[in-house]
Amino acid sequence: MKINKKEQEILEILEKDARLTPADLSKMIGEDEEAVKSMIKRLEKEKVLVHYTALVDWSKVEDSEHVTAMIDVKVTPKRGVGFNETAERIYRFKEVSSVYLMSGAYDLSVTVEGRTMKEVARFVSEKLSVLEEVVSTTTHFQLKKYKHDGKIFEDKQTDNRMVVSP
Amino acid sequence: MPVTKSYVAKSVEAMRPSGIRKFFDLAAGMEGVISLGVGEPDFVTSWSAREAAILSLERGFTSYTANAGLLELREEIVSYIHHRFDVTYDATEEVIVTVGASQAIDLAMRAILDPGDEVVVVEPCFVSYVPMVELAGGKAVTVGTRGEEQFKLQPEALKEAITSKTKALLLCSPNNPTGAQLDKEDLKAIAAIVEEHDLIVVADEIYAELAYDIPHTSFASLDGMRERTILINGFSKGFAMTGWRLGFVCAPPELTAAMLKIHQYAMMCASTPAQYAALEALKSGMSDVEEMKKDYRRRRNYIVQSFNEIGLDCLMPGGAFYVFPSIQSTGYTSDQFAELLLKEEQVAVVPGSVFGKGGEGFVRCSYASSMEQLQEAVRRIDRFVNK
Ligand SMILES: Cc1ncc(COP(=O)(O)O)c(C=O)c1O
């Protein structure tokens, strides 16, 4: 899909802060609000703008059970079952939060979320590694999240500027 | 024996305190202030530049550098100025690394002024210009600019200010506090007058990287002007490096030698770790500058449109990170406006009057703040103006 300069700007802005309204965007890029709304509609319809979410730090929430594992999956594509089909079989599981096709030592990088390590381990052994095309899996559990999608979780940076300066 | 007299020099006693100080004191003690009064980026220096400084310390690079600064840094500055602004300087004879653009302004004035020499200063302007001229023994002749003319210096006004004693013109584009940017044609008209009257131009181009609609034109890049220009720039604004205190000045050899004489005695050299950080900023930091510039541009658009919507006339400035809306519709002076806004809505702005002629009736608002802060500031100013 070809997009224009203004649409490019809308995407760049929303990617950093999806809460900005069409009215804000309209001022920021110098385009009227109705035009901004219809650009957003078009980008949503074409699935360029896929979804709006919040970044949550579950580790701050008491008693919340939340583990994330990143799994390297090696796959042998079979006749009629390419990477895409295998990926689809994997990403349809609701436990799976992301799937990427990778270059390098393994083929699919799969992120799985669960409440406990046991739950994730069970998913890997019972659902993932049993798939016919899957040759091997290597599971890495995340121990701590420092930065995600460009955001630092515990940003120590504060605004140290003097309130008024020349 | 008790002290019975003041030891302070008369010339210093005569200096007026900066009008900015008063608002700093007012705002500093207050809770919940949103400040649009800050003259520096809200971004921190890129990690790669900070890391380069740390590495330089780990390696023990803690001694003085050459008076004019690390040769490697001067060479990088020369190549940067050449690529970005199409002016060519010699790294060994025409560049000095300074302690901010601030020191470069001081050096320039002290190097060119004899007692009584006049410098035309274009206002509203950065608060240090007039004091720097005066401390160097010169006389500042101020010329105002007006909103009707986008706060651009008018050739006629410049001609009127020139006398037989005029030695220099101090020019700043993009400008603090108005954000006004002089384009090539504006500068050419000024250059013609400069040539006719055989003046030298001290060009403060510290905001050169922050030009949003048309690229910055360096005064030194105009035909015949390189030999008549002391070009001042630095890392504070575009590279978000204010606290490092690092700038530079480029000028023909004779002028550079004169400034270096002062610099070697008064300063020796700029801070060594800061020089390593700046070196890295030039080598790998241009994409960071571009990213920041994109953000500033969007915030500028947002705040200009918002001010106009709530009834404060505001021009779309070409550069820097300031807007300079008119507050005349409110009936307040700029000082009253700023003080009441701070007291009633806890938003800090700087009254235009502190920046000299032409500043009254306007306030300076910096948009070097997050969108969230700007949105809240606009809400509060709207409430204040339309109560
Ligand atoms: C127009 C202008 N010149 C010079 C300076 C000083 O910059 P530096 O931090 O490089 O000394 C400033 C800073 O506010 C400025 O606005």
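Residues numbered from 1 in each chain as written. Chains lettered and ligands numbered in written order. Predicted model: local features only at pLDDT ≥ 70, side-chain atom pairs only at ≥ 80, totals over all residues. Heavy atoms only, no water.

**Here we look at the overall build of chain B**
Then comes step 1: A tally of regular secondary structure across chain B gives 13 helices and twelve strands.
Then comes step 2: Counting only C-alpha atoms, chain B reaches 65 × 60 × 55 Å along its principal axes.
Then comes step 3: Going through the 387 residues of chain B one by one, you find that 57% of them count as buried.
Then comes step 4: Total accessible area on chain B stands at roughly 16200 Å², and carbon and sulfur atoms take up 51% of it.
Then comes step 5: Counting 37 positive and 52 negative side-chain charges, chain B places the centres of these two groups 3 Å from one another. (Helix = DSSP H or I, 4+ residues; strand = E, 2+ residues; numbered from the N terminus. Buried < 20%, exposed > 50% of the residue type's maximum accessible area, 1.4 Å probe, protein only. Areas by Shrake-Rupley, 256 points an atom, 1.4 Å probe, with all protein chains shown as cover. Lys, Arg positive; Asp, Glu negative; His and termini not counted. Charge placed at Lys NZ, Arg CZ, Asp CG, Glu CD.)

**Quick word on the pattern of salt bridges**
Then comes step 1: Taken as a whole, this structure holds 45 salt bridges over all chains when the rule is applied.
Then comes step 2: Between lysine 16 of chain A and glutamate 291 of chain B there is a salt bridge, with the nearest N and O atoms lying 4.0 Å from each other. Of the two residues, lysine 16 of chain A sits in helix H1 (residues 5-16) while glutamate 291 of chain B sits in helix H11 (residues 286-309), which places them in two different chains.
Then comes step 3: One salt-bridge network, held together by shared partners, links Glu9 and Glu12 of chain A together with Asp213, Lys294, Arg297, Arg298 and Arg300 of chain B. (Salt bridge = Lys/Arg side-chain N within 4 Å of Asp/Glu carboxyl O.)

**Remarks on the site of the ligand**
Then comes step 1: Near the ligand, the surroundings consist of 14 residues, among which Ala101, Ser102, Asp204, Ser236 and Lys237 of chain B are the closest.
Then comes step 2: Residues within reach of the ligand are spread across chains A and B.
Then comes step 3: The backbone of alanine 101 of chain B places a nitrogen or oxygen atom 2.6 Å from an oxygen atom of the ligand.
Then comes step 4: Considering the ligand on its own, with 400 Å² of exposed area, one finds that the protein chains cover 95% of that surface.
Then comes step 5: Ranked by residues supplied to the shell around the ligand, first place goes to helix H5 (residues 100-112) of chain B with three residues.
Then comes step 6: Of the residues belonging to the shell around the ligand, the class tally is seven nonpolar, four polar and three charged. (Near = heavy atom within 4 Å. Polar contact = N/O pair within 3.5 Å; in protein donor to acceptor, adjacent residues only side chain to side chain. Nonpolar A, V, L, I, M, F, W, Y, C, P; charged D, E, K, R; others polar.)

**Thoughts on the nonpolar core**
Residues and elements named next belong to chain B.
Then comes step 1: Formed by 96 residues in total, the largest nonpolar core has its most connected members in Ile230 and Phe307.
Then comes step 2: Counting residues per element, this core draws most heavily on H5, at seven residues.
Then comes step 3: Setting aside anything within four residues of it in sequence, one finds isoleucine 230 in contact with Ala108, Ile112, Ile200, Val201, Val202, Ala203, Val249, Cys250, Ala251, Leu255 and Met259. (Core = buried A, V, L, I, M, F, W, Y, C linked by side-chain atoms within 4.5 Å. Contact = heavy atoms within 4.5 Å.)

**Some thoughts on the domain arrangement of chain B**
Residues and elements named next belong to chain B.
Then comes step 1: Its domain assignment divides chain B into domain 1 (10-45 + 287-385) and domain 2 (47-283).
Then comes step 2: The straight-line distance from the C-alpha centre of domain 1 to that of domain 2 is 24 Å.
Then comes step 3: Contacts between the two partners involve 35 residues from domain 1, matched on the other side by 40 residues from domain 2.
Then comes step 4: When residues of domain 1 are sorted by the area they lose upon contact with domain 2, Thr45, Phe355 and Lys357 head the list and together hold 23% of the total.
Then comes step 5: The interface formed by domain 1 and domain 2 contains two salt bridges.
Then comes step 6: Note that aspartate 213 and arginine 300 form a salt bridge whose closest N and O atoms lie 2.9 Å from each other.
Then comes step 7: Of all the elements in the fold, those that place two or more residues in the side of domain 1 that touches domain 2 are H11 and strand E9 (322-323).
Then comes step 8: In the side of domain 1 that touches domain 2, the residues fall into 19 nonpolar, eight polar and eight charged. (Domains from an automatic or database assignment. Buried area = accessible area lost by both parts, 1.4 Å probe.)

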